[in-house]
Amino acid sequence: MAQHVFQKSNPILGRGSYHAKLTSDGKQQKFKLVEGMMIDSSLPQQPSMLATRQDKSDAGRFVTTARDIGQLPVVEESKFAPANATKVLRFYAFFEETVDESPAELFRLRRTMLLFYLRDDTIEIIENRVANSGLPQGTYLKRGKLMKPNNAGHYRYDDIFIGMQFPIFGRIFKIYGCDDFTRTYYAENAFELAPSIEIPKDEYTMTRDDISKLCGGEPGHFYGKKNSALKTFMEATLGNHGLNGAKKAKFLANSRKVLHFECEYDDRHKLYGDLTPYSLNYFLEDDTIEIKEIERPNSGRDPFPLLLSRARMLKHWEDAIHDEQDRGVEEPTGREAYYNEDDLFVGAVLNVYSRPLKLVDADEYTRKYYREAWNLELKPAMYTPPPPKENKKPAPPPYTGYGTEEDSMGSVTHLVPKVPKKDFIKMTTNDHKLLRFSAQMISNRREQAARRFIVTFYLADDTISIYEPEQRNSGIVSGKFLERGPHKSPAGVRYELKDFFIGNELSFNAYKFYISDADDYTKHYLNIPN
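Residues numbered from 1 in each chain as written. Predicted model: local features only at pLDDT ≥ 70, side-chain atom pairs only at ≥ 80, totals over all residues. Heavy atoms only, no water.

**Let's talk about the side chain of R451**
(1) Moving on: Tracing the backbone shows R451 in the loop between α11 (446–449) and β18 (452–458).
(2) Moving on: A relative accessible area of 11% places R451 in the buried class.
(3) Moving on: Separated by 2.9 Å, the side chains of R451 and Q448 make a polar contact.
(4) Moving on: With residues near it in sequence (within four places) discarded, R451 still touches A439, Q440, M441, E468, Q471, I476 and F481. (Helix = DSSP H or I, 4+ residues; strand = E, 2+ residues; numbered from the N terminus. Buried < 20%, exposed > 50% of the residue type's maximum accessible area, 1.4 Å probe, protein only. Polar contact = N/O pair within 3.5 Å; in protein donor to acceptor, adjacent residues only side chain to side chain. Contact = heavy atoms within 4.5 Å.)

**Examining the packing of aromatic side chains**
(1) Moving on: For the structure shown, the criterion picks out 25 aromatic pairs.
(2) Moving on: Plain terms: the ring middles of F453 and F513 are 5.0 Å apart, the flat faces sit at 90° to each other, and that makes the pair edge-to-face. Of the two residues, F453 sits in strand β18 while F513 sits in strand β22 (residues 511–518), which places them 60 residues apart along the sequence.
(3) Moving on: Owing to a relative accessible area of 1%, F453 belongs among the buried residues under this scheme.
(4) Moving on: Members of the aromatic cluster, joined through ring pairs, are F437, F453, F457, F481, Y495, F500, F508, Y511 and F513.
(5) Moving on: A cation over a ring is seen here: R310 above F283, with NZ or CZ 3.7 Å from the ring centre. (Phe/Tyr/Trp six-rings, centres within 6.5 Å; stacked < 30°, edge-to-face > 60°. Lys NZ or Arg CZ within 6 Å of the ring centre and 35° of its normal.)

**A word on the pattern of salt bridges**
(1) Moving on: Inspection of every chain in the model, using the stated rule, returns 25 salt bridges.
(2) Moving on: Here K315 and D343 are joined by a salt bridge, their closest N and O atoms 3.2 Å apart. One end of the pair, K315, is in the loop between β14 (306–311) and α7 (324–327); the other, D343, is in the loop between α7 and β15 (349–351), with 28 residues separating them in the sequence.
(3) Moving on: Here R445 makes a salt bridge to E447, at a shortest N to O gap of 2.8 Å.
(4) Moving on: Residue E447 is classed as partly exposed on the basis of its relative accessible area of 42%.
(5) Moving on: Counted as one network, the salt bridges with shared partners bring together E97, R110 and E127. (Salt bridge = Lys/Arg side-chain N within 4 Å of Asp/Glu carboxyl O.)

**A closer look at helix α3 (residues 180–188)**
(1) Moving on: For α3, every residue scored as buried is listed here: T182, Y185 and Y186. All buried residues of α3 project into a common sector of 95° when viewed along the axis, lining one side. In α3, those exposed residues whose orientation departs by more than 90 degrees from the buried face are D180 and E188.
(2) Moving on: Packed against the buried residues of α3 are β5 (88–98) and β10 (171–178).
(3) Moving on: Looking one or two places after α3, you find A190, whose phi comes out positive at around 65°. (Arc of directions from axis to C-beta.)

**Quick notes on the side chain of E264**
(1) Moving on: Examined against the element boundaries, E264 turns out to sit in strand β11 (residues 258–266).
(2) Moving on: Of the buried charged residues, E264 lacks a salt bridge, with K358 as the closest side chain of opposite charge at 6.5 Å.
(3) Moving on: Within the structure, the side chain of E264 is placed 2.7 Å from the side chain of T384, a separation counted as a polar contact.
(4) Moving on: Sequence-distant contacts of E264, that is, excluding residues within four places in its chain, are made with L275, T276, P356, L357, K358, V360, Y383 and T384. (Lys, Arg positive; Asp, Glu negative; His and termini not counted.)

**What about the pairing of strand β7 (residues 122–127)?**
(1) Moving on: Of all six residues making up β7, five are buried, and the element is well covered by its neighbours.
(2) Moving on: The pairing of strand β6 (residues 107–117) with β7 spans six bridges and is classified as antiparallel. The residue of β7 that forms the bridge with Y117 is T122.
(3) Moving on: Here three bridges tie β7 to strand β8 (residues 139–144), and the two strands are oriented antiparallel to one another. By the bridge assignment, I126 is partnered in β8 with T139. (Pairing = 2+ DSSP bridges.)

**Points about the pairing of β18**
(1) Moving on: Most of β18 is tucked away: five of the seven residues are buried.
(2) Moving on: Where strand β17 (residues 434–442) lies against β18, seven bridges are found, and the strand directions are antiparallel. Paired with Q440 across the strands is R452, a residue of β18.
(3) Moving on: Pairing of β18 with strand β19 (residues 463–468) involves five bridges; the strand directions are antiparallel. Looking at the pairing, Y458 lines up with T463 of β19.
(4) Moving on: Hairpin connection of β18 to β19: four residues between the antiparallel strands, including D462 at a positive phi of 55°.

**Remarks on the confidence of the model for the chain**
As a note on interpretation, predicted positions should not be read in detail where pLDDT is low.
(1) Moving on: Averaged over all residues, the pLDDT of the chain equals 80, while 77% of them reach at least 70.
(2) Moving on: This model gives residues 1–21 a pLDDT under 50, and the stretch forms 26 contacts once residues within four places in sequence are excluded.
(3) Moving on: Across residues 47–56, where pLDDT falls below 50, the model places four contacts with residues more than four positions away in sequence or in other chains. (pLDDT = per-residue confidence, 0-100.)

Structure representation (structure tokens):
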């Protein structure tokens, strides 16, 4: 497979190219650990005559990964292991380095640590890192065997002692001390090491100590000054990648641990406002917050998945629009300026860039975390109850007068109008049954008050008709006064049989009638005494 080449720009080193790895980044191990012994896995493994039954039955006993090496417990040396397999002697040394660029000093002392591995007589030299030195420090000499001058063989532990001059590749190292384990080991092997030598100070170190004393500080004491982002970046480009140890430890301890809260944003007091639900995720690994909008079906809103992308959220963003940490020239904004896990609880109101979000609920993992880590029992869910739905049924449109009212209502209640249902039992039972009442018109005019009418009520369908009989010399044409049909009172209620009795007043089309009498059949039907 062809490898992809990406161009990468570095502000200090310039442009360059590197090959992106398409496989795992893990290094292959060249050795295995078995009972404290390192076995070279690159060599062909021959079956041993001393192999036990456990070795033959457990094939994975000799398999060791890179992760297992850092997690293996410290065990005592096996009696079958080579002598001094895990013992390392530690010496402290320094060498002089001339300084030609500065007129204030001629040389500078650089401290180192010499490690002697007793297992194979190899030596490794590591230079101690000094803050703000500007020097590439770290491993000075990789682990390996060193030859004595004049090819007199390689160095052994009995060739090294305190106070000796140690020539290595043109530089003279002087050993001035060792640790307690090294002294104990030499004493057990009948060697007595000299006491530690006080290391001299160069002019640069003494000048820095004098400046510290004049400023009221203690030389060599670290006062915990914060590193700016620019200083962190510059030291990282020089090889120091372990500046944020606390952040790294927190990230590893809380990786993939997320606190989940349910939120609500209520802006119903505004025009077209609504009660919008959100979900808040708080990432414990780096104290960042992510707010997502909960999409509701048929809400009429365009889907916006994120209200706030994952980032640290300021409490008062108006006062700290520009973060000094991003500028890299001042101290970073303190932790108290951001929302943290101690600011989140059910019922809290967060200011998300001028939007008040109320935390109304938390999931079970979040409640358990606060119960164990903070000894705090979160409140139960406090969702805002939805307003009661008012299903207002619109009033039907007024009757137009065309056709019957029931027929017209069919067009209102049904998409496809249906024929109004009739009470056939009532129609067959009361067919041809009529109730006749005698009535007179109520009016202030004498000629209108003298008019007489016959009001007929049809029991089959509760319809009403009015007929005016002929009166001699009245000057009014007799005949049908009101067509048969269902009629309503001025209150909009349809007239029924209970509204017809002697002495009652009825209104039809703005005319008022007084019922004065009824025929014999009607009186008998209604049980009216004669």
